[in-house]
Amino acid sequence: MAYYIGIDIGGMSIKVGVVDQDGNILGKCAAPTPLGDAAKAVDVMADLCRDAAKAAGVSWQDIRAVGAGAPGTVCDGVVTYATNLGWYGVPLADMLGKATGKAAAVGNDANCALIAEWRLGVARGKDNVAMITLGTGIGTAFVADGHLLLGNGSASGEGGHQRIKHLGRKCSCGREDCWELYASATSLLRRTEALIAAEPQGICAAVAKERGQIDGYVLFAAIERGDRSAQAVLQQLQEDIVDGLVNIANILRPEIIVMGGGICAQDRLVSPLEDMVNSRTLGGAGNPHVFIVKPRFFNDAGIVGAAAQVME
Ligand SMILES: [Zn+2]
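Below: a short report on this structure. (Residues numbered from 1 in each chain as written. Predicted model: local features only at pLDDT ≥ 70, side-chain atom pairs only at ≥ 80, totals over all residues. Heavy atoms only, no water.)

### Let's talk about the packing of aromatic side chains
Right, on to step 1. Per the counting criterion, the structure on display carries one aromatic pair.
Right, on to step 2. Geometrically, the ring pair formed by tyrosine 81 and tyrosine 88 is edge-to-face, given 5.6 Å between the ring centres and 65° between the ring planes.
Right, on to step 3. Arginine 50 extends its terminal NZ or CZ atom over the ring of tryptophan 60, reaching a point 4.3 Å from the ring centre.
Right, on to step 4. Its guanidinium or amino end placed over the ring of tyrosine 182, lysine 165 lies 5.4 Å from that ring's centre, counting from NZ or CZ. (Phe/Tyr/Trp six-rings, centres within 6.5 Å; stacked < 30°, edge-to-face > 60°. Lys NZ or Arg CZ within 6 Å of the ring centre and 35° of its normal.)

Right, dumping it as C-alpha coordinates:
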(Lines give C-alpha, C1' and ligand atoms only; values in the text may rest on other atoms or scores of the structure.)
Protein backbone atom coordinates (compact mmCIF):
# COMPACT_ATOMS: atom_id res chain seq x y z
CA MET A 1 0.00 0.00 0.00
CA ALA A 2 1.21 3.47 -0.85
CA TYR A 3 0.60 6.36 1.51
CA TYR A 4 0.51 10.08 0.91
CA ILE A 5 0.41 13.14 3.12
CA GLY A 6 -2.12 15.90 2.56
CA ILE A 7 -1.63 19.35 4.09
CA ASP A 8 -4.62 21.67 4.31
CA ILE A 9 -3.33 25.21 4.92
CA GLY A 10 -6.02 27.46 6.35
CA GLY A 11 -5.94 30.99 7.70
CA MET A 12 -6.51 29.64 11.22
CA SER A 13 -4.89 26.22 11.26
CA ILE A 14 -2.76 23.78 9.30
CA LYS A 15 -4.25 20.28 9.15
CA VAL A 16 -2.17 17.32 8.08
CA GLY A 17 -3.27 13.76 7.40
CA VAL A 18 -1.88 10.48 6.09
CA VAL A 19 -4.09 9.25 3.26
CA ASP A 20 -4.15 5.90 1.50
CA GLN A 21 -4.83 5.37 -2.22
CA ASP A 22 -8.56 5.04 -1.62
CA GLY A 23 -8.86 8.38 0.15
CA ASN A 24 -9.07 7.06 3.71
CA ILE A 25 -7.37 9.20 6.35
CA LEU A 26 -5.34 6.98 8.63
CA GLY A 27 -4.10 9.60 11.05
CA LYS A 28 -4.14 13.37 11.33
CA CYS A 29 -3.04 16.31 13.42
CA ALA A 30 -3.22 20.11 13.34
CA ALA A 31 -1.57 23.28 14.63
CA PRO A 32 -2.29 27.03 14.43
CA THR A 33 -1.03 28.74 11.25
CA PRO A 34 1.91 31.11 11.85
CA LEU A 35 0.74 34.01 9.68
CA GLY A 36 3.07 35.95 7.40
CA ASP A 37 6.20 33.90 8.00
CA ALA A 38 6.22 31.14 5.37
CA ALA A 39 9.49 29.57 6.59
CA LYS A 40 8.04 29.14 10.06
CA ALA A 41 4.86 27.67 8.58
CA VAL A 42 6.89 25.12 6.61
CA ASP A 43 8.69 24.06 9.82
CA VAL A 44 5.28 23.54 11.45
CA MET A 45 4.11 21.52 8.43
CA ALA A 46 7.20 19.29 8.44
CA ASP A 47 6.70 18.51 12.15
CA LEU A 48 3.01 17.81 11.59
CA CYS A 49 3.85 15.44 8.72
CA ARG A 50 5.98 13.29 11.01
CA ASP A 51 3.37 13.46 13.79
CA ALA A 52 0.63 12.42 11.35
CA ALA A 53 2.69 9.45 10.15
CA LYS A 54 3.14 8.39 13.77
CA ALA A 55 -0.57 8.84 14.48
CA ALA A 56 -1.36 6.72 11.41
CA GLY A 57 1.10 3.99 12.37
CA VAL A 58 2.79 4.38 8.98
CA SER A 59 6.58 4.38 8.76
CA TRP A 60 8.15 7.49 7.25
CA GLN A 61 9.72 5.48 4.40
CA ASP A 62 6.28 4.37 3.24
CA ILE A 63 5.16 7.96 2.60
CA ARG A 64 5.47 8.42 -1.17
CA ALA A 65 4.84 12.14 -1.51
CA VAL A 66 3.50 15.24 0.20
CA GLY A 67 0.80 17.50 -1.22
CA ALA A 68 -0.43 20.82 0.13
CA GLY A 69 -3.46 22.95 -0.61
CA ALA A 70 -3.24 26.70 -0.04
CA PRO A 71 -5.95 29.37 -0.11
CA GLY A 72 -4.98 31.68 -2.95
CA THR A 73 -3.35 31.59 -6.35
CA VAL A 74 -0.84 28.79 -6.84
CA CYS A 75 1.22 28.40 -10.01
CA ASP A 76 3.92 25.75 -10.60
CA GLY A 77 4.43 25.05 -6.91
CA VAL A 78 4.62 28.73 -5.97
CA VAL A 79 1.95 30.41 -3.87
CA THR A 80 1.84 33.63 -5.85
CA TYR A 81 -0.90 35.34 -3.90
CA ALA A 82 -2.58 34.29 -0.63
CA THR A 83 -3.96 37.32 1.20
CA ASN A 84 -5.32 35.33 4.17
CA LEU A 85 -1.85 33.97 4.87
CA GLY A 86 0.11 37.08 3.95
CA TRP A 87 2.10 35.05 1.39
CA TYR A 88 3.27 36.46 -1.93
CA GLY A 89 5.59 34.47 -4.20
CA VAL A 90 6.31 31.68 -1.72
CA PRO A 91 7.99 28.65 -3.44
CA LEU A 92 6.12 26.26 -1.18
CA ALA A 93 6.62 23.02 -3.13
CA ASP A 94 10.43 23.45 -3.05
CA MET A 95 10.40 24.40 0.62
CA LEU A 96 8.21 21.43 1.57
CA GLY A 97 10.32 19.05 -0.51
CA LYS A 98 13.48 20.18 1.30
CA ALA A 99 11.85 20.09 4.74
CA THR A 100 10.36 16.62 4.33
CA GLY A 101 12.74 14.91 1.91
CA LYS A 102 9.72 13.82 -0.15
CA ALA A 103 8.38 14.74 -3.56
CA ALA A 104 6.07 17.69 -2.93
CA ALA A 105 3.39 19.57 -4.82
CA VAL A 106 1.12 22.49 -4.01
CA GLY A 107 -2.28 23.41 -5.38
CA ASN A 108 -5.06 25.86 -4.76
CA ASP A 109 -7.36 24.60 -2.01
CA ALA A 110 -10.54 24.75 -4.10
CA ASN A 111 -8.81 22.74 -6.84
CA CYS A 112 -7.70 20.24 -4.20
CA ALA A 113 -11.30 19.74 -3.01
CA LEU A 114 -12.26 19.12 -6.64
CA ILE A 115 -9.41 16.65 -7.18
CA ALA A 116 -10.50 14.70 -4.08
CA GLU A 117 -13.98 14.17 -5.55
CA TRP A 118 -12.76 13.69 -9.11
CA ARG A 119 -10.10 11.09 -8.31
CA LEU A 120 -11.58 9.41 -5.23
CA GLY A 121 -15.12 10.61 -4.64
CA VAL A 122 -18.50 11.19 -6.25
CA ALA A 123 -17.15 12.62 -9.53
CA ARG A 124 -14.83 9.73 -10.29
CA GLY A 125 -14.51 9.02 -14.00
CA LYS A 126 -16.32 12.19 -15.11
CA ASP A 127 -14.76 14.48 -17.70
CA ASN A 128 -16.72 17.61 -16.85
CA VAL A 129 -17.06 18.48 -13.18
CA ALA A 130 -17.76 21.62 -11.17
CA MET A 131 -16.95 21.77 -7.48
CA ILE A 132 -18.71 24.56 -5.64
CA THR A 133 -17.82 25.11 -1.99
CA LEU A 134 -20.18 27.28 0.05
CA GLY A 135 -18.08 28.59 2.93
CA THR A 136 -17.11 32.06 4.15
CA GLY A 137 -17.07 32.87 0.45
CA ILE A 138 -17.68 30.55 -2.49
CA GLY A 139 -14.87 28.43 -3.89
CA THR A 140 -15.24 27.12 -7.43
CA ALA A 141 -13.09 24.70 -9.40
CA PHE A 142 -13.60 22.91 -12.66
CA VAL A 143 -12.62 19.88 -14.69
CA ALA A 144 -13.36 20.59 -18.37
CA ASP A 145 -13.04 17.94 -21.09
CA GLY A 146 -11.01 15.73 -18.75
CA HIS A 147 -8.55 18.39 -17.59
CA LEU A 148 -8.31 20.42 -14.42
CA LEU A 149 -9.02 23.97 -15.54
CA LEU A 150 -6.22 26.27 -14.39
CA GLY A 151 -6.31 29.27 -16.71
CA ASN A 152 -3.56 31.78 -17.39
CA GLY A 153 -1.29 32.01 -14.34
CA SER A 154 -3.53 29.37 -12.76
CA ALA A 155 -5.83 32.25 -11.90
CA SER A 156 -9.12 30.77 -13.14
CA GLY A 157 -11.93 29.41 -11.03
CA GLU A 158 -13.11 32.55 -9.25
CA GLY A 159 -16.77 31.83 -9.88
CA GLY A 160 -17.70 33.22 -6.47
CA HIS A 161 -17.07 36.69 -7.91
CA GLN A 162 -19.59 36.58 -10.73
CA ARG A 163 -22.05 39.42 -10.29
CA ILE A 164 -25.60 38.19 -9.86
CA LYS A 165 -27.49 41.28 -8.65
CA HIS A 166 -27.55 45.08 -8.71
CA LEU A 167 -28.16 45.97 -5.07
CA GLY A 168 -24.88 47.80 -4.42
CA ARG A 169 -23.54 45.48 -1.75
CA LYS A 170 -19.74 45.71 -1.56
CA CYS A 171 -17.65 42.57 -2.05
CA SER A 172 -14.16 42.02 -0.61
CA CYS A 173 -12.87 41.89 -4.21
CA GLY A 174 -13.72 45.57 -4.72
CA ARG A 175 -16.74 45.03 -6.96
CA GLU A 176 -20.39 44.83 -5.97
CA ASP A 177 -23.02 42.10 -5.70
CA CYS A 178 -20.84 39.07 -6.28
CA TRP A 179 -22.43 35.60 -6.02
CA GLU A 180 -20.65 34.77 -2.76
CA LEU A 181 -22.36 37.68 -1.00
CA TYR A 182 -25.74 36.03 -1.63
CA ALA A 183 -25.08 32.30 -1.73
CA SER A 184 -22.27 31.46 0.74
CA ALA A 185 -22.52 30.07 4.28
CA THR A 186 -21.92 33.66 5.40
CA SER A 187 -25.07 34.67 3.55
CA LEU A 188 -27.02 31.86 5.22
CA LEU A 189 -25.96 33.24 8.61
CA ARG A 190 -26.78 36.81 7.62
CA ARG A 191 -30.25 35.74 6.45
CA THR A 192 -30.80 33.74 9.65
CA GLU A 193 -29.85 36.78 11.74
CA ALA A 194 -32.20 38.97 9.72
CA LEU A 195 -35.09 36.55 10.24
CA ILE A 196 -34.46 36.42 13.98
CA ALA A 197 -34.37 40.23 14.14
CA ALA A 198 -37.63 40.44 12.16
CA GLU A 199 -39.40 37.75 14.18
CA PRO A 200 -37.97 37.80 17.71
CA GLN A 201 -40.83 35.61 18.93
CA GLY A 202 -40.53 33.20 16.01
CA ILE A 203 -39.41 29.58 15.90
CA CYS A 204 -36.03 30.48 14.43
CA ALA A 205 -35.29 32.86 17.31
CA ALA A 206 -36.30 30.14 19.78
CA VAL A 207 -33.97 27.61 18.14
CA ALA A 208 -31.06 30.07 18.22
CA LYS A 209 -31.72 30.76 21.90
CA GLU A 210 -31.70 27.03 22.70
CA ARG A 211 -28.46 26.50 20.78
CA GLY A 212 -26.92 29.55 22.45
CA GLN A 213 -25.74 30.88 19.09
CA ILE A 214 -26.72 31.59 15.50
CA ASP A 215 -24.96 28.96 13.41
CA GLY A 216 -25.51 27.17 10.12
CA TYR A 217 -27.97 24.70 11.68
CA VAL A 218 -30.48 27.16 13.16
CA LEU A 219 -32.45 27.81 9.99
CA PHE A 220 -32.73 24.11 9.16
CA ALA A 221 -33.77 23.19 12.70
CA ALA A 222 -36.46 25.88 12.55
CA ILE A 223 -37.79 24.49 9.25
CA GLU A 224 -37.83 21.04 10.84
CA ARG A 225 -40.19 22.50 13.44
CA GLY A 226 -42.51 23.91 10.82
CA ASP A 227 -41.23 27.50 10.60
CA ARG A 228 -42.64 28.82 7.31
CA SER A 229 -40.63 32.02 7.46
CA ALA A 230 -37.45 29.99 7.73
CA GLN A 231 -38.56 27.90 4.76
CA ALA A 232 -39.10 31.10 2.74
CA VAL A 233 -35.62 32.32 3.69
CA LEU A 234 -34.12 29.02 2.55
CA GLN A 235 -35.95 29.29 -0.77
CA GLN A 236 -34.55 32.78 -1.34
CA LEU A 237 -31.06 31.50 -0.60
CA GLN A 238 -31.58 28.62 -3.03
CA GLU A 239 -32.75 31.02 -5.74
CA ASP A 240 -29.49 32.94 -5.37
CA ILE A 241 -27.41 29.75 -5.32
CA VAL A 242 -29.16 28.59 -8.48
CA ASP A 243 -28.52 31.89 -10.31
CA GLY A 244 -24.79 31.24 -10.10
CA LEU A 245 -25.09 27.51 -10.79
CA VAL A 246 -27.10 28.10 -13.96
CA ASN A 247 -24.42 30.51 -15.24
CA ILE A 248 -21.78 27.86 -14.57
CA ALA A 249 -23.88 25.11 -16.15
CA ASN A 250 -24.48 27.21 -19.25
CA ILE A 251 -20.78 27.95 -19.68
CA LEU A 252 -19.30 24.55 -18.81
CA ARG A 253 -22.16 22.05 -19.10
CA PRO A 254 -20.70 19.77 -16.42
CA GLU A 255 -21.95 16.22 -16.01
CA ILE A 256 -21.94 16.76 -12.29
CA ILE A 257 -21.81 19.67 -9.86
CA VAL A 258 -20.50 18.77 -6.41
CA MET A 259 -21.76 21.04 -3.62
CA GLY A 260 -19.19 21.24 -0.81
CA GLY A 261 -18.97 23.14 2.46
CA GLY A 262 -20.54 22.31 5.81
CA ILE A 263 -23.99 23.74 5.03
CA CYS A 264 -24.29 21.43 2.02
CA ALA A 265 -24.54 18.46 4.38
CA GLN A 266 -28.19 19.58 4.65
CA ASP A 267 -30.39 17.65 2.21
CA ARG A 268 -33.02 20.35 2.45
CA LEU A 269 -30.56 22.81 0.96
CA VAL A 270 -29.01 20.65 -1.77
CA SER A 271 -31.82 18.33 -2.94
CA PRO A 272 -34.01 20.91 -4.74
CA LEU A 273 -31.07 22.45 -6.63
CA GLU A 274 -30.84 19.81 -9.36
CA ASP A 275 -34.40 20.32 -10.64
CA MET A 276 -34.13 24.10 -10.32
CA VAL A 277 -30.89 24.23 -12.32
CA ASN A 278 -31.95 21.77 -15.02
CA SER A 279 -35.23 23.56 -15.66
CA ARG A 280 -33.40 26.88 -16.11
CA THR A 281 -30.27 26.05 -18.11
CA LEU A 282 -30.25 26.83 -21.78
CA GLY A 283 -31.86 24.10 -23.82
CA GLY A 284 -33.66 22.67 -20.79
CA ALA A 285 -34.34 18.95 -21.13
CA GLY A 286 -32.89 19.04 -24.68
CA ASN A 287 -29.35 19.38 -23.30
CA PRO A 288 -27.50 16.80 -21.17
CA HIS A 289 -28.72 16.60 -17.56
CA VAL A 290 -26.57 18.20 -14.85
CA PHE A 291 -26.43 16.10 -11.68
CA ILE A 292 -26.03 18.02 -8.42
CA VAL A 293 -24.70 16.01 -5.51
CA LYS A 294 -23.15 16.23 -2.08
CA PRO A 295 -19.46 15.38 -1.84
CA ARG A 296 -17.90 12.23 -0.41
CA PHE A 297 -15.47 14.37 1.58
CA PHE A 298 -16.70 17.28 3.70
CA ASN A 299 -14.33 18.46 6.45
CA ASP A 300 -11.55 16.23 5.19
CA ALA A 301 -11.73 17.42 1.57
CA GLY A 302 -8.72 19.71 2.05
CA ILE A 303 -6.47 16.96 3.40
CA VAL A 304 -7.62 14.26 0.98
CA GLY A 305 -7.49 16.60 -2.03
CA ALA A 306 -4.02 17.88 -1.16
CA ALA A 307 -2.85 14.26 -0.99
CA ALA A 308 -4.80 13.19 -4.11
CA GLN A 309 -2.92 15.69 -6.28
CA VAL A 310 0.35 13.82 -5.63
CA MET A 311 -1.06 10.31 -6.13
CA GLU A 312 0.05 8.42 -9.23
ZN1 LIG B 1 -16.38 39.78 -5.44
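Text resumes after the structure shown.
### Here's the deal with the coordination of the zinc ion
Right, on to step 1. Taken together, the protein ligands of the zinc ion are His161 (ND1), Cys171 (SG), Cys173 (SG) and Cys178 (SG), with distances of 2.0 to 2.3 Å.
Right, on to step 2. Counting residues between consecutive donors of the zinc ion along the chain gives the motif H-x9-C-x1-C-x4-C. Of this pair, histidine 161 sits in the loop between β10 (147-148) and α4 (179-183) while cysteine 178 sits in the loop between β10 and α4, and the two are 17 residues apart along the sequence.
Right, on to step 3. Look at cysteine 178 and you get buried, because its relative accessible area is 0%. (Donors = N, O, S within 2.8 Å, 3.2 Å for Na, K, Ca; no water. Helix = DSSP H or I, 4+ residues; strand = E, 2+ residues; numbered from the N terminus. Buried < 20%, exposed > 50% of the residue type's maximum accessible area, 1.4 Å probe, protein only.)

### Structural notes on helix α11 (residues 301-308)
Right, on to step 1. Most of α11 is tucked away, with eight of its eight residues classed as buried.
Right, on to step 2. Along α11, the residues classified as buried are Ala301, Gly302, Ile303, Val304, Gly305, Ala306, Ala307 and Ala308.
Right, on to step 3. Taken together, the buried residues of α11 touch β1 (3-9), β2 (13-20), β3 (25-32), β4 (63-70) and α3 (109-120). (Contact = heavy atoms within 4.5 Å.)

### A word on the side chain of glutamate 180
Right, on to step 1. In this fold, glutamate 180 is placed in helix α4.
Right, on to step 2. The charged side chain of glutamate 180 is buried without a salt bridge, its nearest counter-charge being arginine 175 at 11 Å.
Right, on to step 3. The residues contacting glutamate 180, other than those within four sequence positions of it, are Gly137, Ile138, Gly160, His161, Cys171 and Ser172. (Lys, Arg positive; Asp, Glu negative; His and termini not counted. Salt bridge = Lys/Arg side-chain N within 4 Å of Asp/Glu carboxyl O.)

### Quick notes on the sheet that holds strand β12 (residues 291-293)
The strands making up a sheet associate through hydrogen bonds between their backbones, and the pairing can be parallel or antiparallel.
Right, on to step 1. Strand order in the open sheet formed by five strands is β10-β9-β8-β11-β12, with mixed pairing between adjacent strands. Strand pairing shows two members of the sheet lacking a second neighbour, β10 and β12, which therefore form its edges.
Right, on to step 2. As defined by bridge partners, strand β9 (residues 138-144) adjoins β10 across two bridges and the pair is classed as antiparallel. When the bridges of β10 are listed, alanine 144 appears paired with histidine 147.
Right, on to step 3. Across the sheet, helix α8 (residues 228-252) touches β8 (129-134), β9, β11 (256-260) and β12, and the angle it forms with β8 is around 160°. (Pairing = 2+ DSSP bridges. Axes fitted to C-alpha atoms, helices over the stretch in contact; angles between N-to-C directions.)

### Some remarks on the nonpolar core
Right, on to step 1. The biggest cluster of nonpolar side chains holds 46 residues, and the ones touching the most others in it are Ile132, Leu245, Met259 and Leu269.
Right, on to step 2. In terms of residues, this core owes the most to one element, α8, which gives 10 residues.
Right, on to step 3. The next biggest cluster of nonpolar side chains, apart from the first, holds 33 residues, and it includes Ile14, Val42, Met45 and Cys49. (Core = buried A, V, L, I, M, F, W, Y, C linked by side-chain atoms within 4.5 Å.)

### Let's talk about a negative patch on the surface
Right, on to step 1. Taken together, the side chains of Asp37, Asp43, Asp47 and Asp51 define an acidic patch exposed on the protein surface.
Right, on to step 2. Among the secondary structure elements, aspartate 37 is positioned in the loop between β3 and α1 (38-56).
Right, on to step 3. Looking at aspartate 37, the relative accessible area reads 35%, which means it is partly exposed. (Patch = residues over 30% accessible without salt bridge, like charges linked within 9 Å, V, L, I, M, F, W, Y side chains within 5 Å. Areas by Shrake-Rupley, 256 points an atom, 1.4 Å probe, with all protein chains shown as cover. Charge placed at Lys NZ, Arg CZ, Asp CG, Glu CD.)

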